[in-house]
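Given next are the chains, with one letter for each unit.
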Amino acid sequence: GPCRTNLIQKAVQVAQEHTPDFPVIANGGVESFADIARIKEETGASSIMSSESLLETPTLFEEGSSIIGPQQGSETTTTVAQQLLEHQISIAREYLDWCVKYPPAPGSLGHAGGSF
């Protein structure tokens, strides 16, 4: 469901009443870099986290990065999907380049290994 910033704001207020400087992390509603500042402003949370949007756009917390969308109605859904896929592939390639440059210590991945 939608992010309930009003409830996060209430959690921040309660936490601050009992323990000033107690960190409250807002979760949800982040689909673009601009959402980070908006949610922090609306809630007073000390930090923001996201999960689902990061799966689609791993660079979400990087300024200037956002979920790719049509620009002024000129792009088709297929073009947008292709751009998103190319962006995701470029991130995966960059990750693999780092893996080659800095391989894991022998045995550190256990028996199964994994991509991440």
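Above this note sits the structure.
Let us look at the structure shown here.

Rules of the game
- Residues numbered from 1 in each chain as written.
- Predicted model: local features only at pLDDT ≥ 70, side-chain atom pairs only at ≥ 80, totals over all residues.
- Heavy atoms only, no water.
- Helix = DSSP H or I, 4+ residues; strand = E, 2+ residues; numbered from the N terminus.
- Buried < 20%, exposed > 50% of the residue type's maximum accessible area, 1.4 Å probe, protein only.
- Contact = heavy atoms within 4.5 Å.
- Areas by Shrake-Rupley, 256 points an atom, 1.4 Å probe, with all protein chains shown as cover.
- Phe/Tyr/Trp six-rings, centres within 6.5 Å; stacked < 30°, edge-to-face > 60°.
- Arc of directions from axis to C-beta.
- Core = buried A, V, L, I, M, F, W, Y, C linked by side-chain atoms within 4.5 Å.
- Salt bridge = Lys/Arg side-chain N within 4 Å of Asp/Glu carboxyl O.

1. A closer look at the overall build of the protein
A tally of helices and strands in the protein yields four helices and two strands. Helices (α) and strands (β) of the protein occur, in sequence order from the N terminus, as α-β-α-β-α-α. Burial status across the protein gives 22% buried among its 116 residues. Sequence-distant contacts, at least 24 apart, represent 37% of the contacts inside the protein between residues at least 6 apart. For the protein, the computed accessible surface area is about 8,700 Å², with 56% contributed by carbon and sulfur atoms.

2. Structural notes on the side chain of Thr-5
Residue position: Thr-5 is located in helix α1 (residues 5-18). For Thr-5, the residues in contact, after removing those within four places along its chain, are Glu-42 and Thr-43.

3. Considering the packing of aromatic side chains
Scanning all chains against the criterion turns up one aromatic pair. Seen from their ring centres, Trp-98 and Tyr-102 are 5.6 Å apart, and the 15° between their planes marks the pair as stacked.

4. So, helix α2 (residues 33-43)
Those residues of α2 not exposed but buried are Asp-35, Ile-36, Ile-39 and Thr-43. The arc enclosing the buried residues of α2, seen along the axis, measures out at 110°, which places them on a common side. Of the residues in α2, the exposed ones pointing more than 90 degrees away from the buried face are Ala-34, Ala-37 and Glu-41. Turning to α2, the residues buried within the fold contact α1, β1 (25-27) and β2 (47-49).

5. Re the nonpolar core
The biggest cluster of nonpolar side chains holds 11 residues, and these are Ile-8, Val-12, Ala-15, Val-24, Ala-26, Val-30, Ile-36, Ile-39, Ala-45, Ile-48 and Leu-60. Those elements giving two or more residues to this core turn out to be α1 and α2. It is α1 that contributes the most residues to this core, three residues altogether. If we skip the residues at most four places from it in the chain, Val-30 touches Asp-35, Ile-36, Ile-39, Ile-48, Met-49, Ser-50, Ser-53 and Leu-60.

6. Regarding the pattern of salt bridges
As a working rule, side chains carrying opposite charge can pair if their charged atoms are close by. The final tally for this structure, using the stated rule, is two salt bridges. Salt-bridge contacts for Asp-35 lead to Arg-38; the nearest nitrogen and oxygen are separated by 3.5 Å. Taken together, the residues span about one helical turn, with Asp-35 and Arg-38 both in helix α2 at a distance of three residues. Classification of Asp-35 as buried rests on a relative accessible area of 13%. By relative accessible area, Arg-38 is classed as partly exposed at 35%.

7. Focus: unusual backbone geometry
The phi dihedral of Asp-21 falls on the positive side, at around 70°, and the residue is not glycine. Residue position: Asp-21 is located in the loop between α1 and β1.

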